Amino acid sequence: MILASLVGTTIEFYDFYVYATAAVLVFPHLFFPTGNETTALLASFATFGAAMLARPVGAIFFGHLGDRVGRKTTLVASLLTMGIATFLIGLLPTHAQIGPWAAVLLLVLRLAQGFAIGGEWSGAALVATENAPKGKRAWYGTFPQLGAPIGFIIANMLFFVINNALSDPEHPGIASEAFLSWGWRIPFLFSAVMVIVGLWVRLKLVESTAFERTKEAGKVTRMPIAVAFRYHWKGLILGTFAMLATYVLFYLMTSYTLTFGTRPGLAVAEQAAAATGVDFDASAYVPGLGYAYNDFILMLVFGVIFFGVFTLVSGPLADRFGRRRTLIWVTIAIAAFGFTFVPLLGGGTALVMFFLALGFTLMGLTFGPMGAFLPEMFPTNVRYTGSAVAYNVSSILGAALAPIIAVWLWGLADGSPVYVGLYLTGAAVLTLIALVLTPETKDVDIEA
């Protein structure tokens, strides 16, 4: 049961991180060749964020199946949809081959990814928490959450190995022609192998006890989404904003830091443009930290280890002290963390690594308890739908907008991350308000 939830979310986040990495390294060049690096990057991130718009639709669709048919069948369907979409991205022709249609096809498959993810997380969390022993729901709920750091490490290390193997010795910091031609496709195609393993595990899954009892009692509702909005609208709103800071932090620590960390400084960018004979407009260029991609990926993986460890640590804390109290204190820490962007990211490699370790530690502490907290806010007959809608609507407010807003704020501050940090602090304040208004769910009878 724990393995089934962990494997599925690992594949889910693997597919998402593969896309996120390609959105930084590959897609601006191959699918959005606008002639302006910042514009191309924004267009690439727009398709990245577009998947979040499809997630609430997937949440309603798969939530309906999960609350009416069962958790097991729904989880198999969502995983299969996600895997097929990711595999097909690896086969797409580029802008040089079919023009603007390449971007259109990429967007369609990205929307399919988002649609599938809309039902994946909630089902995995329910399978874990609905079968958990008494007093250990938050601990069991951290295992589907653990798929995020594991998926990140697998996806980025695979990109690291491929990029390193295909690197140009004369320009080690720039993606080689071989990598841009076919190397980037390998992580997407490899998704098929992971999906096969995931399906094998999930087909052996046993339906949750809570759902079976609801079904036996004749309490399965015909329209879960209507019941959720009519009788549990407060839980939907509070759950959405309770996840907001988690999502903003999540994508700032992954997509934005990768972009900011690997973007060359102004002097290096000018030299590279001069060497290739390209006109360079210094006033329009937004500089970053200038780390080589391979170096910064290893720094990120170092930080994600803290993400995984503290995701597991958060479960026993939430079981002992309560989900609400734990999340309130972590959210206060996230708000304070937003003020560290300038001094830590501008203080050299040691402080950058400390920034990554600290940010991912907070990510684990806030993300871990959500596996139990959101499902506990809803009764069994609408739990899949309710938790999925709250989780995925929050993805629009947080994850869909975070990369785009961050790039815009980064440019607004002429390369400084100061406004990006304040953006995170603002999101944390909204989450804190939602948590204060939300009752404690630790002692909720999940089978009632």
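The coordinates are above.
Residues numbered from 1 in each chain as written. Predicted model: local features only at pLDDT ≥ 70, side-chain atom pairs only at ≥ 80, totals over all residues. Heavy atoms only, no water.

### Structural notes on the pattern of salt bridges
Next, step 1: Counted according to the given criterion, the structure contains 5 salt bridges.
Next, step 2: R323 is the partner of D319 in a salt bridge, and the nearest nitrogen-oxygen pair spans 3.1 Å. The residues D319 and R323 share a single accessibility class, namely buried.
Next, step 3: In this structure, a network of salt bridges that share partners links the residues R137, D319, R323 and E376. (Salt bridge = Lys/Arg side-chain N within 4 Å of Asp/Glu carboxyl O. Buried < 20%, exposed > 50% of the residue type's maximum accessible area, 1.4 Å probe, protein only.)

### Here we look at the nonpolar core
Next, step 1: Core analysis: the biggest nonpolar cluster contains 119 residues, and F27, F31, W184, Y251, L252, F307 and L356 have the highest contact counts within it.
Next, step 2: Considering each element in turn, this core owes the most residues, 13 residues, to helix 1 (residues 2-25).
Next, step 3: Those residues in contact with W184 that lie beyond four places of it in its chain are V26, F27, L30, F31, I89, F159 and F179. (Core = buried A, V, L, I, M, F, W, Y, C linked by side-chain atoms within 4.5 Å. Helix = DSSP H or I, 4+ residues; strand = E, 2+ residues; numbered from the N terminus. Contact = heavy atoms within 4.5 Å.)

### Some thoughts on a nonpolar patch on the surface
Next, step 1: A cluster of nonpolar side chains, W233, I237, F241, L397, V429, L430, I433, V436 and L437, forms an exposed patch at the surface whose accessible area comes to about 800 Å².
Next, step 2: For the nonpolar patch, the secondary-structure elements that each account for two or more residues are helix 13 (233-242) and helix 23 (418-437).
Next, step 3: With 5 residues, helix 23 is the largest single contributor of residues to the nonpolar patch.
Next, step 4: On the secondary structure map, L437 appears in helix 23. (Patch = residues over 30% accessible without salt bridge, like charges linked within 9 Å, V, L, I, M, F, W, Y side chains within 5 Å. Areas by Shrake-Rupley, 256 points an atom, 1.4 Å probe, with all protein chains shown as cover.)

### Observations concerning the packing of aromatic side chains
Any two aromatic rings considered together are summarised by their centre-to-centre distance and by the angle between their planes.
Next, step 1: Scanning the entire structure with this criterion turns up 33 aromatic pairs.
Next, step 2: Ring centres of F13 and F367 lie 6.0 Å apart, and the angle between their planes is 90°; this geometry places the pair in the edge-to-face category. Of this pair, F13 sits in helix 1 while F367 sits in helix 19 (residues 349-367); the two residues are 354 residues apart in sequence, bridging distant segments of the chain. You'll find F13 and F367 in the same group, each marked buried.
Next, step 3: Ring geometry for W139 against F143: centres 5.1 Å apart, planes inclined by 75°, an arrangement best described as edge-to-face. (Phe/Tyr/Trp six-rings, centres within 6.5 Å; stacked < 30°, edge-to-face > 60°.)

### Digging into empty space enclosed by the protein
Next, step 1: For the coordinates displayed, the defined rule picks out 3 cavities of 30 Å³ or more.
Next, step 2: The volume enclosed by the largest cavity comes to roughly 60 Å³.
Next, step 3: For the largest cavity, the full set of lining residues is Y17, A20, T21, F152, N156, T254, S255, L258 and L300.
Next, step 4: Those elements that place two or more of their residues in the lining of the largest cavity are helix 1, helix 8 (147-165) and helix 14 (244-262).
Next, step 5: The residue makeup of the lining of the largest cavity, split by class, is 5 nonpolar, 4 polar and no charged. (1 Å grid on protein atoms, 1.4 Å probe; cavity = no way out; pocket = protein on both sides within 12 Å on 5 of 7 lines; lining within 4 Å. Points joined across faces, edges and corners; volume = space filled by probe spheres on them. Nonpolar A, V, L, I, M, F, W, Y, C, P; charged D, E, K, R; others polar.)

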